[in-house]
Amino acid sequence: MIRLFVTYCCLLFGASLQGLGMSLFLFPHSIPSGGAAGLAILVNHWFGLSLGFSLWLSNIVFLLFALKYFGYTWTFRTILSVAVTSTIVSFITDHVPHFHVHILIDLAAGALFYGIGVGLLIRAGASSGGMVIPALMIATYKKWSPGKVMMAINLFIFSFTALVINYKIVIYAVICQFFSTNIIDIIYQLKFRQLLFLSANWRRR
């Protein structure tokens, strides 16, 4: 029971960090933190829907794949993480003003928050949704690191977002992905002796 409680606390903390990184530091500059976030920015740009709701829409298809491939427990935890992240993004973008210091500072902070958040989600048996789902599927099959697979998949989404909104976005997005995916891999590869509940248990169950 304690193990389950701590796992969900870790999940909520990771999802919150991800939402804060996206809404406070990355989205104000239209910098996508990942492929799903890139799609959310495009939906927001084209249809004027809120970023939080757009994030939900961009995750629905991937969650259906997750249900078949990873099972109910993993998918439920991922839905919970997407719900927390989307709620935080919606609230902050609507009610909290963005205090811009410098785009590079925001980029570094956003990559740090996002990388730690997603890394914790994967260790807690969930994900941030979106392109993390096919990335984990490929990582499982090929035995590659999830962060590097995410980087490759997201490059295509970043390029398209840059063409539609601003070409500079792809540069900032790639920098963000480089640092955040390395942080994800560091957390993913950590060996926890005491915290056995954080054992990268995202495989089907």
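Everything that follows concerns the structure shown earlier in this document.
Because the structure is predicted, anything quoted here is derived from the model rather than measured.

(A) Summary view of the overall build of the chain. When its secondary structure is counted, the chain shows eight helices and zero strands. Here the chain has a C-alpha radius of gyration of 16 Å; the compact-globule value for 205 residues is 17 Å, and the two agree. When its C-alpha atoms are laid out on the principal axes, the chain stretches across 45 × 35 × 30 Å. Counting every position in the chain, which comprises 205 residues, the buried fraction comes to 51%. If you take every contact in the chain between residues at least 6 apart in sequence, the share linking residues at least 24 apart comes to 75%.

(B) Spatial organisation of the packing of aromatic side chains. All told, the structure shown has four aromatic pairs when counted by the stated rule. Both rings, one in Phe70 and one in Trp74, keep their centres 4.3 Å apart while their planes meet at 35°; by these two values the pair is tilted. Where Phe178 meets Phe179, the ring centres are 5.3 Å apart and the plane angle is 80°; that geometry is what we call edge-to-face.

(C) The packing of helix α1 (residues 2–26) against helix α4 (residues 72–95), seen in detail. Look at α1 against α4: their axes get within 8 Å of each other, and the N-to-C directions meet at 35°. Crossing of α1 over α4 shows right-handed handedness. Split into classes, the residues belonging to the contact of α1 with α4 amount to 14 nonpolar, eight polar and one charged.

(D) Quick look at the side chain of Ser127. Checked against the element boundaries, Ser127 lands in the loop between α5 (103–123) and α6 (132–142). Those residues in contact with Ser127, other than ones at most four positions away along the chain, are Trp74, Thr78, Ser81, Leu121, Val132, Ile133 and Leu136.

(E) Here's a closer look at the nonpolar core. Membership of the largest hydrophobic core comes to 26 residues, with the highest contact counts inside it found for Met22, Phe27 and Ile133. When residues of this core are traced back to their parent elements, those giving at least two are α2 (35–47), α3 (51–70), α4, α5, α6, α7 (146–164) and α8 (168–189). Looking at this core element by element, the count peaks at six residues for α3. Apart from residues no more than four positions distant in its own chain, Met22 is found in contact with Phe27, Pro28, Ser33, Ala37, Leu55, Thr85, Val89 and Tyr114. Cys10, Leu11, Leu17 and Ile88 belong to the second-largest nonpolar core, a separate cluster that totals eleven residues.

(F) A look at the packing of α1 against α5. Two elements in contact, α1 and α5, have axes whose closest approach is 7 Å; the angle formed by their N-to-C orientations is 160°. On the basis of the axis angle, α1 is roughly antiparallel to α5. Note on packing geometry: the crossing formed by α1 with α5 is left-handed. Judged by residue contacts, Cys10, Leu11, Phe13, Gly14, Ala15, Leu17, Gln18, Leu20, Gly21, Met22, Phe25 and Leu26 of α1 engage Asp106, Leu107, Ala109, Gly110, Phe113, Tyr114, Ile116, Gly117, Val118, Leu120 and Leu121 from α5. In the contact of α1 with α5, the residues fall into 17 nonpolar, five polar and one charged.

Analysis parameters
- Residues numbered from 1 in each chain as written.
- Predicted model: local features only at pLDDT ≥ 70, side-chain atom pairs only at ≥ 80, totals over all residues.
- Heavy atoms only, no water.
- Helix = DSSP H or I, 4+ residues; strand = E, 2+ residues; numbered from the N terminus.
- Rg over C-alpha atoms; globule rule 2.2 N^0.38 Å.
- Buried < 20%, exposed > 50% of the residue type's maximum accessible area, 1.4 Å probe, protein only.
- Contact = heavy atoms within 4.5 Å.
- Phe/Tyr/Trp six-rings, centres within 6.5 Å; stacked < 30°, edge-to-face > 60°.
- Axes fitted to C-alpha atoms, helices over the stretch in contact; angles between N-to-C directions.
- Left-handed = near helix turned anticlockwise from the far one by under 90°.
- Nonpolar A, V, L, I, M, F, W, Y, C, P; charged D, E, K, R; others polar.
- Core = buried A, V, L, I, M, F, W, Y, C linked by side-chain atoms within 4.5 Å.
- Parallel < 35°, antiparallel > 145°, perpendicular 65-115°, else oblique.

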